[in-house]
Amino acid sequence: MKFLARTTLKIILYMILFIVPITLGVALFSLVDKGTPLFNIGVRNVLGEARGLFVPSLFICYLFSTLLVVSLIDKMRVKSLFALHIPPILVGVIIGAVFALMQREEVPLPVSRGGTRVGYATILKRNALVDTEKYTFYLGTEGDTNALYVYSKEDASLAVDESVRFDREIRLDREGRRVVLQPGGGSRRSYSIPFRELVSYEGVLTHGLIRSYAEKLRQVYAKLRARWSALDRRRAGILLGMLLLSILMVTIPLSYWLNDHGWGFSGVVGIFLILGLFPYVVSPILEGINRLSRDPRLLGGYTYLLPAGVFIFLAIVLDVIVSRKGSVR
Amino acid sequence: VSTITKNVLSFLILSLILSFVLLFIALFVYYNRTLDEAYLIGSPLRNGLVMRDALKGALGLLPPFILFNFITAFSIYYTLSPFQTESFAFSTVAVPSFVILLLLILLTIFSEFFFIPVLEKGCEQLRFRARMLDRAVPRAEELYAQGRFQESLEILDLYRDEDMSNENANLLYRNIRKALEEESTQYSPEETPAAEEEAPLETSYEKGKAAYESGDYFVALFYLERALSLHSGNREIQELLARTREKTASLLGSLTKTQQETRWLVQNKTRALSYLDNGQYYEAYALFSEIHDRYPQLADIRLYLERVRGELQRVDFLPPEMAENAWLPSYDHVVFFDRGGYLNAVERIIPWRGDYYFYDITRYRTGGGGAVEKWPYGKWLDGRIRLKKENSFKKVDEGEMDRYFIVPYVPPGYVALMGDRSLLMKQLSLYERIELTEDLILSGLDMDTVPRYIAREAGVFFSIYVLTLIFSGIAWSKRSIYEFPPFFKLIIFLVTVPILAFIAHHIYTAGNDMLLYLHRYVLRAFGNMSVLLFVLVIQAAVSFFATFYFLSQRSGVE
């Protein structure tokens, strides 16, 4: 009992330690992904974005803290692998209860609704040459005067307007996520530049490897979201809860297994292996489940729980294998 | 030096060398498979480029590479039997490892600030040469088809200097040689000037005398006038010149119909010669050109014109030179501001044998409200870009210097790269950053100031220090001295730790970028605090805790 309480407390402490950097990291990633230049917006907007992404960040933090505790645990004190599932579940219950209470008080947390304001100053770099695929332009600002020079690489022409006004010669098409430049105004030629070409994310989590991993994660999220968004609120809650539980049930025995056999560092780094492989393993499983669940006769009214059911089944198999093979020192 | 220290040094250094070689080989194989630009296919420079790219890539990966090696050392190497002695203590492995870590950080600093930019420059030069070679054979074929054999041969020689095995090039080379031989045999022996077969005449006097004797009095006049200007008191020259002038005067009578025309010719030639002697080449060129246009038969004027042209080409150029080099690869669509307040857009810039050629320049004087002006040609001459439309030499008035010359803030090599900002940034060493940042910003480039750049780079070096100490500490605390890592776990370790090191390093540097971002808020609170100082203070604090954590590791095993 003491062991369970200490482990639960450890998970909560790790969560408190990691929640801020993880949420900031997720917010940073989301901003970069949306094509919003981080270094042109205020910290209030970053925090607004982080607030909007609090729920997924909390989930990542919960998963990470749990795995870290399990992979660093002193194996001599673990009586049963099955009992090791209890502390994470307790923490999950606490988090769920807090959410439920907050919802009863009608103070819902905004989910995935970034509060980032995108204005001209956010998108357009002033007093520096901005190079895009088709054009190079310069927006010079001195006092109240804005000068715009646009060089077109297609026909090597230079367009000049030394008294531009925003919303007239320069327009932000927020829906199309592009900037429209019209030096000279009126019927003159206009230049359309997508937001993403205007932003340089120097060194901020932009490596191809990191981005391809994020893309895979997004695919898994989209598949899961497609499933729960078709359900009513109660069923969606049940599905999400079951999914969370199933993911924990799969990852706990895995990280415990890696922590086994004395040499511990593989256990610690194994968390990253689990998190790294997570979207690559889950994505095809979800694909298979999607095909299976097209038949409504399979589980009747509970077909929507099929993904969670499959993961829990896998978790139980893993638990049995690891508890029989592992825990030997 | 204790045995354990020796072991630490040998294990760690050997591991570093071996894993660096492996990393280099892996990157070499990777780039060899992925470098697929059309101009590199079959290029003789491809292997050199792959080699440099792999070395550059390996040096760029130094931070996660160091991290990986230290985790491995503290997790595996230091648990092996050579370290299991009675005198073993954590400090016996920690201290030498720490010293090696500091040396490796120094190596990374050198690599980031100097070595990688040098390699980047080398790679870019190789790429440019490869692009040039890719175009050389087709251009030589084109010239051959036009019957311009000598030019074709010169271009083909550029290619053959790098690659003698290309069959197309070799066939073309043989054809050109054959064509040139045929061309030379077409000249009959009597058409060849006798003077060319003899030893070349050294002095103007000798040349003038030879021309006089062969009846080329205008040619003789040119050389003798030159000889006299060098040796004004020489009687022999004076006499021969006088005789030559007599001859040319009588010849002039048949050329000029009136006395007035003769006077015009003599007066203008005298003025032109005076300009030439005073170094006023543009004025001399204008006069000689005028005389030459009217009397193309006068060989001395033609020779003077050639001489003036030669002098002018040191400070000016003519469009045919630009057309000759237009086939070369170029840096395209370069936009920059100059010292005259103009915004310049250049469609093509060709760097070639120390010269820089600019094609299709569009200029606008910012804040001036004037018109956009286009210039077809420009050449880097005497610290500025001379612009040109016409096929002649024309002196630029003092008041129009701004219009005819572009004076960039930076040398032409940097101007050429301004169209590719990231390429230029990668090539700048620390010294160049310090020298050029201000001028590049004035040229319109979006780049970090020097303190901000150093603060950003500091993130890389602190990342190595902090992450290595923390992960080494964790690795040490989770080690096992009772068994060698099981095979399965070892595989997981070898797969996961490099990726972990890579991601951790990126996250740490992203955190450092966040510090740079937060500096704007620090300014509000603490006034004018330097971004570099701010970053160094925070990173030093983090490093202190990392060092403390590392040193607090125990020697024993639970």
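No experiment lies behind these values; they were computed from the predicted model shown. (Residues numbered from 1 in each chain as written. Chains lettered and ligands numbered in written order. Predicted model: local features only at pLDDT ≥ 70, side-chain atom pairs only at ≥ 80, totals over all residues. Heavy atoms only, no water.)

## Details of the overall build of chain A
Step number 1: Looking only at helices and strands, chain A has nine helices and seven strands in total.
Step number 2: At a minimum sequence separation of 6, the contacts of chain A that also span at least 24 residues come to 64%.
Step number 3: A total of about 16900 Å² of accessible surface is found on chain A, and carbon and sulfur atoms cover 61% of it. (Helix = DSSP H or I, 4+ residues; strand = E, 2+ residues; numbered from the N terminus. Contact = heavy atoms within 4.5 Å. Areas by Shrake-Rupley, 256 points an atom, 1.4 Å probe, with all protein chains shown as cover.)

## Overview of the side chain of Glu112(B)
Step number 1: Within the fold, Glu112(B) resides in helix H4 (residues 90-145).
Step number 2: Buried within the structure, Glu112(B) lacks any salt-bridge partner; its nearest side chain of opposite charge belongs to Arg433(B), at an N-O separation of 9.2 Å. (Buried < 20%, exposed > 50% of the residue type's maximum accessible area, 1.4 Å probe, protein only. Lys, Arg positive; Asp, Glu negative; His and termini not counted. Salt bridge = Lys/Arg side-chain N within 4 Å of Asp/Glu carboxyl O.)

## Quick notes on the nonpolar core
Residues and elements named next belong to chain B.
Step number 1: Core analysis: the biggest nonpolar cluster contains 78 residues, and Phe336, Trp352, Phe358, Leu424 and Leu440 have the highest contact counts within it.
Step number 2: Ranked by residues supplied to this core, first place goes to H4 with ten residues.
Step number 3: One finds Ile66, Ala73, Leu119 and Leu469 within the second-largest nonpolar core, a separate group that totals 59 residues. (Core = buried A, V, L, I, M, F, W, Y, C linked by side-chain atoms within 4.5 Å.)

## Remarks on the pairing of strand S5 (residues 384-388) of chain B
Residues and elements named next belong to chain B.
Step number 1: Counting buried positions along S5 yields four of five residues, so the element is predominantly enclosed.
Step number 2: Here strand S4 (residues 373-381) runs beside S5; their pairing, made up of five bridges, is antiparallel. In the strand pairing of S5, Trp380 is matched with Ile385.
Step number 3: Hairpin connection from S4 to S5: two residues lie between these consecutive antiparallel strands, with Asp382 at a positive phi of about 55°.
Step number 4: In this structure, S5 lies alongside strand S6 (residues 405-406), joined through two bridges in antiparallel fashion. Paired with Arg386 across the bridge in S6 is Phe405. (Pairing = 2+ DSSP bridges.)

## Overview of the packing of aromatic side chains
For any pair of aromatic rings, the description consists of the separation of the ring centres together with the inter-plane angle of the planes.
Residues and elements named next belong to chain B.
Step number 1: Enumeration according to the criterion identifies 31 aromatic pairs over all chains in this entry.
Step number 2: Between Phe11 and Tyr77, the ring centres sit 5.9 Å apart and the planes meet at 50°, which makes this aromatic pair tilted. Taken as a pair, Phe11 in helix H1 (residues 3-34) and Tyr77 in the loop between helix H3 (62-75) and H4 lie far apart in primary sequence, 66 residues in all.
Step number 3: Between the aromatic rings of Phe110 and Phe115, the centroid separation amounts to 6.5 Å while the plane-to-plane angle is 20°, which identifies the pairing as stacked.
Step number 4: Owing to a relative accessible area of 45%, Phe110 belongs among the partly exposed residues under this scheme.
Step number 5: Pairwise contacts between aromatic rings join Phe11, Phe74, Tyr77, Tyr78, Phe83, Phe90, Trp476 and Phe550 into one cluster. (Phe/Tyr/Trp six-rings, centres within 6.5 Å; stacked < 30°, edge-to-face > 60°.)

## Section: the interface of chain B and chain A
Step number 1: Opposite the 53 residues of chain B that make contact, chain A presents 44 residues.
Step number 2: One can count one salt bridge joining chain B with chain A.
Step number 3: Between Asp446(B) and Lys125(A) there is a salt bridge whose closest N-O contact spans 3.3 Å.
Step number 4: Taken together, the connections running from chain B to chain A amount to seven residue pairs in polar contact (both at pLDDT 80 or more).
Step number 5: At the level of elements, H3, strand S1 (331-337), strand S2 (342-352), strand S3 (355-365), helix H19 (450-477) and helix H20 (487-526) of chain B are the ones that each hand at least two residues to the side of chain B that touches chain A.
Step number 6: Looking at which element gives the most residues to the side of chain B that touches chain A, the answer is H20(B), with 18 residues.
Step number 7: For the side of chain B that touches chain A, a count of residues per class yields 29 nonpolar, 13 polar and eleven charged. (Polar contact = N/O pair within 3.5 Å; in protein donor to acceptor, adjacent residues only side chain to side chain. Nonpolar A, V, L, I, M, F, W, Y, C, P; charged D, E, K, R; others polar.)

## Details of the side chain of Ser19(B)
All names here are of chain B.
Step number 1: When you line up the elements, Ser19 lands in helix H1.
Step number 2: In this structure Ser19 comes out as buried when scored by relative accessible area, which is 16%.
Step number 3: In terms of polar contacts, Ser19 uses its side chain to reach the backbone carbonyl oxygen of Leu16, at 3.3 Å.
Step number 4: Excluding residues that lie within four positions of it along the chain, Ser19 makes contacts with Phe65 and Asn69.

## With respect to the confidence of the model for chain B
It should be kept in mind that the predicted coordinates are not to be read in detail where pLDDT is low.
Residues and elements named next belong to chain B.
Step number 1: Looking at chain B as a whole, the pLDDT averages 86, with 93% of positions reaching at least 70.
Step number 2: Low pLDDT (under 50) marks residues 189-201, which in the prediction has four contacts with non-local residues, meaning those over four places away or in another chain.
Step number 3: As scored by the predictor, the complex reaches a pTM of 0.79 and an ipTM of 0.78. (pLDDT = per-residue confidence, 0-100.)

## Overview of the pattern of salt bridges
A side chain with one charge may pair with a side chain of the opposite charge, provided their charged atoms come close.
Step number 1: Inspection of the entire model under this criterion finds 28 salt bridges over all chains.
Step number 2: The shortest N-O distance in the salt bridge between Arg189(A) and Glu154(A) comes to 3.9 Å. Placement of Arg189(A) in the loop between strand S6 (178-181) and strand S7 (191-194) and of Glu154(A) in the loop between strand S3 (145-152) and strand S4 (157-161) is noted, with a sequence separation of 35 residues between them.
Step number 3: The partner of Glu373(B) in a salt bridge is Lys389(B), and the shortest N-O contact between them spans 3.3 Å. With Glu373(B) in strand S4 and Lys389(B) in the loop between S5 and helix H15 (401-404), the pair connects residues that are 16 residues apart, well separated along the chain.
Step number 4: Taking the relative accessible area as the measure of exposure, Glu373(B) reaches 19% and is therefore buried.
Step number 5: Classification of Lys389(B) as partly exposed rests on a relative accessible area of 39%.

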